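# Secondary and tertiary structure notes
Letter by letter, the chains look like this.
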Amino acid sequence: MNPFSYIRVRDLAQAIREAAIGDTRFIAGGTNLLDLMKENVEQPGRLIDINDLPLSHIEETADGGLRIGALVRNADLAADSRVRARYPLLSSALLAGASPQLRNMATTGGNLMQRTRCYYFYDVATPCNKRQPGSGCGAIGGVTRIHAILGASDQCIATHPSDMCVAMAALGARVNVVGPDGPRGMAFTDFHRLPGETPHLDNNLAPHELITSVELPRDGFTQHYSYLKIRDRLAYAFALVSVAAALQIEGGRIAAARVALGGVAHKPWRNPDAEQSLTGMQANPENFADFARDLLSAAKGQGDNDFKITLAQRAIARALAQAAAGTPQSQVDKQIV
Ligand SMILES: Cc1cc2nc3c(=O)[nH]c(=O)nc-3n(C[C@H](O)[C@H](O)[C@H](O)COP(=O)(O)OP(=O)(O)OC[C@H]3O[C@@H](n4cnc5c(N)ncnc54)[C@H](O)[C@@H]3O)c2cc1C
Ligand code: SF4
């Protein structure tokens with residue numbers, strides 16, 4: 001048992017002030033942080049419980065989008081009638097994640113911040129540059145079935161495990177944060193980082209900053225979307241590969257395309273140039289297969305996970321075909337939310 005202190009904060013200013021004291025972590029739903037503490041992967045000296053902060057609301061934005069408070073639970077977000085109607089891709093991705101019990105606790109901010117599921121990261125008996133910078137990477141040359149095929153480095157080949165974040169990346173969301181220097185915002189796709197030489201940094205949050213909300217733009221791609229998650233079990237398993245596909249189709253041709261991948265990189269993976277190449281093309285299987293090959297052209301397997309390259313190509317083509325046909329791999333109507 002590692003001793004730690006615990007306080008519950010009432011407002012943002014107090015949260016930011018308290019965060020600057022000692023080795024502190026915010027705790028929201030606790031579904032990731034408590035596991036990390038029990039496994040001795042993280043040993044914070046102080047926990048700041050943020051559950052009383054006024055960040056549990058979903059609000060309209062001036063430009064017709066939605067602002068999702070950082071403490072909105074994954075289950076509540078998936079079930080929100082506005083989200084289901086205007087952002088079914090997001091609702092679908094949320095319902096593909098974890099289990100109903102976990103989704104009841106897990107928060108929007110915590111989901112962005114959840115750490116990799118790399119086996120070696122959780123096994124403190126093995127080296128891990130993410131857990132302990134400079135110690136080496138147990139995964140490289142080890143068991144790599146769940147690891148990255150895109151954007152990895154010779155320091156770390158871990159993946160980001162979220163489903164929600166893949167949909168948010170595809171939808172073009174923004175992340176709002178507040179810290180000692182005040183509030184700021186960034187594109188969702190700029191929030192998470194690739195590992196490079198600093199794999200201990202998962203994201204671009206500055207020290208002591210707190211996520212306050214995620215904003216969705218007006219266009220939710222309600223007609224042509226699909227979230228396709230490939231995993232070892234039908235439920236309660238992280239993605240080997242997931243695809244959030246969103247299309248705007250006019251007269252049989254693609255007017256806009258968004259494709260984000262989960263389970264393949266250290267962050268939700270998007271390539272706007274490749275997406276742009278679909279514009280003006282016919283929404284047909286040949287074009288989707290060409291696009292998928294293009295998107296994976298730089299992919300590199302680690303041995304055990306070589307299968308993910310073909311799997312991802314097929315999943316992309318399938319998700320795009322489902323989106324184009326208006327027959328999404330939807331969880332929305334299949335589960336009691
Ligand atoms: C068995 C299991 C299966 C799962 N399966 C899936 C899955 O299939 N798909 C999926 O997407 N997820 C899955 N998850 C992960 C789950 O979604 C995350 O654990 C959850 O979203 C984290 O949210 P939380 O509020 O519980 O975070 P916490 O555990 O409270 O915190 C996690 C991290 O976020 C930080 N944090 C929390 N809120 C903020 C904030 N507002 N600002 C800054 N930092 C903050 C904390 O300091 C901590 O470092 C699974 C989890 C478990 C345990
Ligand atoms: S892949 Fe990354 S998280 Fe996994 S052992 Fe290597 S450095 Fe650690």
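The rules behind each value
- Here the residue numbering is sequential within each chain, running from 1 through the sequence in written order.
- Lettering of chains starts at A and numbering of ligands starts at 1, both following the order in which they are written.
- Residues qualify for local features only when their pLDDT is at least 70, as the model is predicted, and side-chain atom pairs are given and counted only at 80 or more; totals for whole chains, interfaces and linings, by contrast, use all residues.
- By convention in this description, side-chain values take in all heavy atoms of the structure and omit both hydrogens and water.
- Throughout, the term near means that a residue has one or more heavy atoms lying within 4 Å of the molecule or strand in question.
- We call two N or O atoms a polar contact when they sit within 3.5 Å, provided that within protein one can donate a hydrogen and the other can accept it, with sequence-adjacent residues counted only if both atoms are side-chain atoms.
- Per-residue and other accessible areas were derived by the Shrake-Rupley procedure at a 1.4 Å probe size, with only the shown protein chains allowed to occlude residues.
- Each helix is a run of H or I in the DSSP string that is no shorter than four residues. Each strand is a run of E no shorter than two, and both are numbered from the N terminus.
- A 1.4 Å probe rolled over the protein chains alone gives each residue an accessible area, and that area as a share of the maximum for its type sets the label: buried under 20%, exposed over 50%, partly exposed in between.
- Polarity classes work like this: nonpolar for Ala, Val, Leu, Ile, Met, Phe, Trp, Tyr, Cys and Pro, charged for Asp, Glu, Lys and Arg, and polar for all others, with Gly in that last group.
- Any carboxyl oxygen of Asp or Glu that lies within 4 Å of a side-chain nitrogen of Lys or Arg is treated as forming a salt bridge with it.
- Buried residues of nine kinds, namely Ala, Val, Leu, Ile, Met, Phe, Trp, Tyr and Cys, make up a nonpolar core once their side-chain atoms join them within 4.5 Å.
- Note on contacts: a residue pair is in contact if any heavy atoms of the two residues lie within 4.5 Å.
- Paired strands, as defined in this entry, are two strands with at least two bridges between them according to DSSP.
- To get an axis, fit a line to the C-alpha atoms, keeping to the stretch in contact for a helix; angles then go from 0 to 180 degrees between the N-to-C directions.
- For every residue, the predictor assigns a confidence score, pLDDT, that lies between 0 and 100.
- Think of a patch as exposed residues, more than 30% relative accessible area, with no salt bridge, where like charges cluster within 9 Å and nonpolar side chains (Val, Leu, Ile, Met, Phe, Trp, Tyr) cluster within 5 Å.
- Here is the rule: rings of Phe, Tyr and Trp (six-membered ring for Trp) pair when centre to centre is within 6.5 Å. Planes less than 30 degrees apart are stacked, more than 60 are edge-to-face, and the remainder are tilted.

## Describing the site of ligand 1
Contacts to ligand 1 come from 32 residues, most closely from Phe26, Gly30, Thr31, Thr107 and Asp163. In this structure, an oxygen atom belonging to ligand 1 sits 2.7 Å away from a main-chain N or O atom of glycine 30. Between ligand 1 and leucine 33 there is a distance of 2.8 Å, counted from an oxygen atom to a backbone nitrogen or oxygen. Calculation on ligand 1 without its partners gives an accessible area of 980 Å², and the protein chains cover 93% of this total. For the shell around ligand 1, the elements supplying multiple residues, two or more each, are strand E2 (24-27), helix H2 (33-38), helix H7 (108-113) and strand E8 (210-216). At four residues, the largest contribution of residues to the shell around ligand 1 is made by H7.

## Things to note about the side chain of serine 162
On the secondary structure map, serine 162 appears in the loop between helix H8 (119-122) and helix H9 (164-171). Polar contacts involving the side chain of serine 162 include one to the main-chain amide nitrogen of methionine 164, which spans 3.2 Å.

## Some remarks on the side chain of threonine 61
On the secondary structure map, threonine 61 appears in the loop between strand E4 (58-60) and strand E5 (66-69). The class for threonine 61 is buried, based on a relative accessible area of 11%. A distance of 2.7 Å separates polar atoms of two side chains, one belonging to threonine 61 and the other to aspartate 63. Polar side-chain contacts of threonine 61 include one of 2.8 Å to the backbone nitrogen of glycine 65.

## Looking at the site of ligand 2
Near ligand 2, the surroundings consist of 13 residues, among which Cys118, Cys128, Cys137, Cys156 and Ile157 are the closest. Its residues assigned to classes, the shell around ligand 2 shows nine nonpolar, three polar and one charged.

## Remarks on the pattern of salt bridges
Two side chains carrying opposite charge are able to pair once their charged atoms lie near each other. This structure, assessed with the given rule, holds 18 salt bridges. Across the salt bridge formed by glutamate 42 and arginine 115, the nearest N and O atoms sit 3.2 Å from each other. Residue glutamate 42 is found in the loop between H2 and strand E3 (46-49), and its partner arginine 115 is found in the loop between H7 and H8; the two are separated by 73 residues along the sequence. The exposure class assigned to glutamate 42 is buried, which follows from its relative accessible area of 8%. Each of the salt bridges in this network shares a partner with another, and the network as a whole consists of Asp23, Arg25, Glu42, Arg115, Lys130 and Asp202.

## Concerning the nonpolar core
Nonpolar side chains in soluble globular proteins tend to end up buried together. Ranked by size, the top nonpolar core spans 53 residues in total, and within it Leu77, Leu89, Leu90, Leu112, Met168 and Phe188 carry the most contacts. Ranked by the residues each element gives to this core, the list is headed by H9, at eight residues. In contact with leucine 77, other than residues within four places in its own chain, are Ile58, Ile68, Val72, Val83, Leu90, Leu94, Thr108, Met164 and Met168. One finds Ile254, Phe288, Phe291 and Ala292 within the second-largest nonpolar core, a separate group that totals 31 residues.

## Quick word on helix H5 (residues 88-95)
With eight of eight residues buried, H5 lies mostly within the body of the structure. Among the residues of H5, those classed as buried are Pro88, Leu89, Leu90, Ser91, Ser92, Ala93, Leu94 and Leu95.

## Quick look at the sheet that holds E3
Spatially, three strands are ordered E1-E3-E2 in an open sheet, and the strand pairing comes out parallel. On the outer flanks of this sheet lie strand E1 (5-8) and E2, each paired with one strand and no other. Across the sheet, the axes of successive neighbouring strands diverge by a mean angle of 25 degrees, strand direction being ignored. Bridge count between E1 and E3: four bridges; the pairing is parallel. Bridge pairing in E3 places arginine 8 opposite aspartate 49.

## Structural notes on unusual backbone geometry
Positive phi is not limited to glycine here, since histidine 208 has a value of about 70 degrees. Of note, histidine 208 is situated in the loop between strand E7 (182-187) and E8. Classification of histidine 208 as partly exposed rests on a relative accessible area of 32%. Even without being glycine, phenylalanine 221 reaches a positive phi, approximately 50 degrees.

## A short note on the confidence of the model for the protein chain
Residue-level pLDDT values for the protein chain average 96, and 98% of them are 70 or greater. The lowest-confidence element of the protein chain is helix H10 (residues 272-276), averaging 97 in pLDDT; the highest-confidence one is E8, averaging 99.

## Considering a nonpolar patch on the surface
A surface patch of nonpolar side chains, amounting to about 410 Å² of accessible area, comprises Met1, Phe4 and Tyr6. Structurally, methionine 1 is set in the segment before E1. Taking relative accessible area as the criterion, methionine 1 reaches 92% and is therefore assigned exposed.

## Overview of the packing of aromatic side chains
In this structure the tally under the stated criterion is two aromatic pairs. With centroids separated by 6.2 Å and ring planes inclined at 65 degrees, the aromatic side chains of tyrosine 119 and tyrosine 120 adopt a geometry described as edge-to-face. Note on tyrosine 119: relative accessible area 35%, which makes it partly exposed. Plain terms: the ring middles of phenylalanine 121 and tyrosine 122 are 5.5 Å apart, the flat faces sit at 85 degrees to each other, and that makes the pair edge-to-face. Tyrosine 122 gets classed as buried once you look at its relative accessible area, which sits at 17%.

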